[in-house]
Amino acid sequence: MPVKTVIIPAGGLGTRLLPATKCTPKEMLPVYDRPVIQFALDEAVAAGATRILLVVGPTKTALQDYLRPDEDLSRHLREKGKHALHEALQSTGVPSGVEVEIVVQPSPRGLGDAVLCCAPYLERTPFGVILPDDVIFGDPCLLQMGRSYSGGHMVAAQAVAPQQVSQYGIFRLTGSAIRGPIRASGMVEKPSVAEAPSRVAAVGRYILDPIVLTRLSMTPPGAGGEVQLTDAIAEDVDTKGLTAYLFDGERFDCGSLDGLLSAAVVRERQLRHGNAIAAAG
Ligand code: G1P
């Protein structure tokens, strides 16, 4: 089932990446040649989205600027004969036919709050969420999930080391699998190792039943004093069902310096490999 509307929350403060993020949103930091946000936009489009709701904070405007076509810059590159750069520029943003709407999150009150800010713009059909911090290379993760989705809530999943469980939403699982969908009976946001119901963590890709919006409007702040999407999803497990989806692909936490660096190394290798194939062909 294609996911027609995708929310990309990008209104956080990026505190883990200060001072680089003092005046630049973290989603504008580069993964080698292009900003983090571009990978989220590309994946949304690959999954079939025709509408993207980009949630931004009220002050930093670089994301809106990035999405605006720059005719002067295009003309300059063409006139200077910089065709490869011109082509690279043309391949960013979103293709025509895909609409991006900016939704302002007045204050960074958490992921659940960012999704709730989109409620007035959503129809009563399932929608996708891509957290741009989680850059995933390989078969587009949200597309993999859409192929398997048949209702309820579905969240991408990955096994993590015990010492990392407190950084993630963690699933309580009722089945087991090596890849693909697994039935889950609950989810806990950022538990301690002792309290974690499994070692399988939520990764930032979701396909959600719209009932979650009603839940979110009643969800009090949870872990870290923020309104947690995990808490709202967990409330619907008995009525809507929850699927953890073990995806194929390589994920990088680009909300951290080490993740950004590792993703950039892989991206550079991919580009070099692509160029070598193009040159040989
Ligand atoms: C968010 C979610 C968490 C999920 C994580 C994946 O946390 O709340 O459940 O495991 O993304 O990256 P955050 O990284 O925003 O603290």
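Here we summarise the structure given alongside this text. (Residues numbered from 1 in each chain as written. Predicted model: local features only at pLDDT ≥ 70, side-chain atom pairs only at ≥ 80, totals over all residues. Heavy atoms only, no water.)

**A closer look at the overall build of the protein chain**
Using the following cut-off: Only DSSP runs of H or I with at least four residues qualify as helices, and only runs of E with at least two residues qualify as strands; both kinds are numbered from the N terminus onward. Exposure categories follow from relative accessible area, calculated using a 1.4 Å probe and restricted to protein chains: below 20% of the type maximum is buried, above 50% is exposed, and the middle band is partly exposed. Any two residues whose heavy atoms approach within 4.5 Å are treated as being in contact. The accessible surface values rely on the Shrake-Rupley method and a 1.4 Å probe; as for residues, cover is taken only from the protein chains in view. In summary, the charge assignment counts Lys and Arg as positive and Asp and Glu as negative, without counting His or the chain termini. Charged groups are reduced to one reference atom each: NZ for lysine, CZ for arginine, CG for aspartic acid, CD for glutamic acid.
In terms of regular secondary structure, the protein chain is built from 10 helices and 13 strands. Along the first, second and third principal axes, the C-alpha set of the protein chain runs to 60 × 40 × 40 Å. The buried share of the protein chain, taken over its 281 residues, is 48%. Taking as baseline every contact in the protein chain between residues at least 6 positions apart, the subset at least 24 positions apart corresponds to 77%. If you sum the accessible surface of the protein chain, you get close to 13600 Å²; carbon and sulfur atoms cover 54% of it. In the protein chain, 27 positive and 30 negative side-chain charges are present, and the distance between their average locations comes to 2 Å.

**Brief notes about the layout of surface pockets**
For the record, the criterion: Lining residues are defined by having an atom within 4 Å of a point belonging to a cavity or pocket. Those points lie on a 1 Å grid over the protein atoms alone, cavities being sets where a 1.4 Å probe fits but cannot get out and pockets being open sets with protein on both sides within 12 Å along at least five of seven lines. Grid points are joined across faces, edges and corners, and a volume is the space filled by probe spheres set on the points. The classification used treats Ala, Val, Leu, Ile, Met, Phe, Trp, Tyr, Cys and Pro as nonpolar, Asp, Glu, Lys and Arg as charged, and all other residues, Gly among them, as polar.
Considering only enclosed or pocket space, the largest pocket measures out at about 1100 Å³ in volume. Taken together, 37 residues line the largest pocket, and the ones lying closest to its centre are R16, K26, D133, K190 and E226. Mapped by element, the contributors of at least two residues to the lining of the largest pocket are strand 1 (5–10), helix 5 (111–117), strand 11 (200–208) and strand 13 (250–253). Here the element with the most residues in the lining of the largest pocket is strand 11; it accounts for 4 residues. Among the residues making up the lining of the largest pocket, the classes are represented as 13 nonpolar, 13 polar and 11 charged. Empty space within the second largest pocket amounts to approximately 770 Å³. Secondary-structure elements contributing two or more residues to the lining of the second largest pocket are strand 3 (34–35), helix 2 (62–67), helix 3 (71–79), helix 4 (83–90) and helix 10 (257–280). Top contributing element to the lining of the second largest pocket by residue count: helix 4, with 5 residues. Classifying every residue of the lining of the second largest pocket by side-chain character gives 12 nonpolar, 5 polar and 7 charged.

**What about the nonpolar core?**
Worth spelling out the cut-off: What we call a nonpolar core is a set of buried Ala, Val, Leu, Ile, Met, Phe, Trp, Tyr and Cys residues that are connected through their side-chain atoms within 4.5 Å.
Ranked by internal contacts, the top residues of the largest apolar core, which has 34 residues, are I7, V115, F127, F171, Y206, L229 and I233. For L229, the residues in contact, after removing those within four places along its chain, are L111, G112, V115, Y206, L208, V212 and L216. If you look at the next biggest cluster of nonpolar residues, it comprises 29 residues, including I37, A40, A44 and C141.

**Looking at unusual backbone geometry**
The amide bond that connects L18 to the next residue, P19, takes the cis arrangement and shows omega of 5°. Located in the positive-phi region is Y32, a residue other than glycine, with phi close to 65°. Mapped onto the secondary structure, Y32 falls in the loop between strand 2 (30–31) and strand 3. Its identity as a non-glycine residue notwithstanding, K190 has a phi of 50°, on the positive side. As for its position among the elements, K190 is in the loop between strand 10 (180–189) and strand 11. By relative accessible area, which is 40% here, K190 ends up partly exposed.

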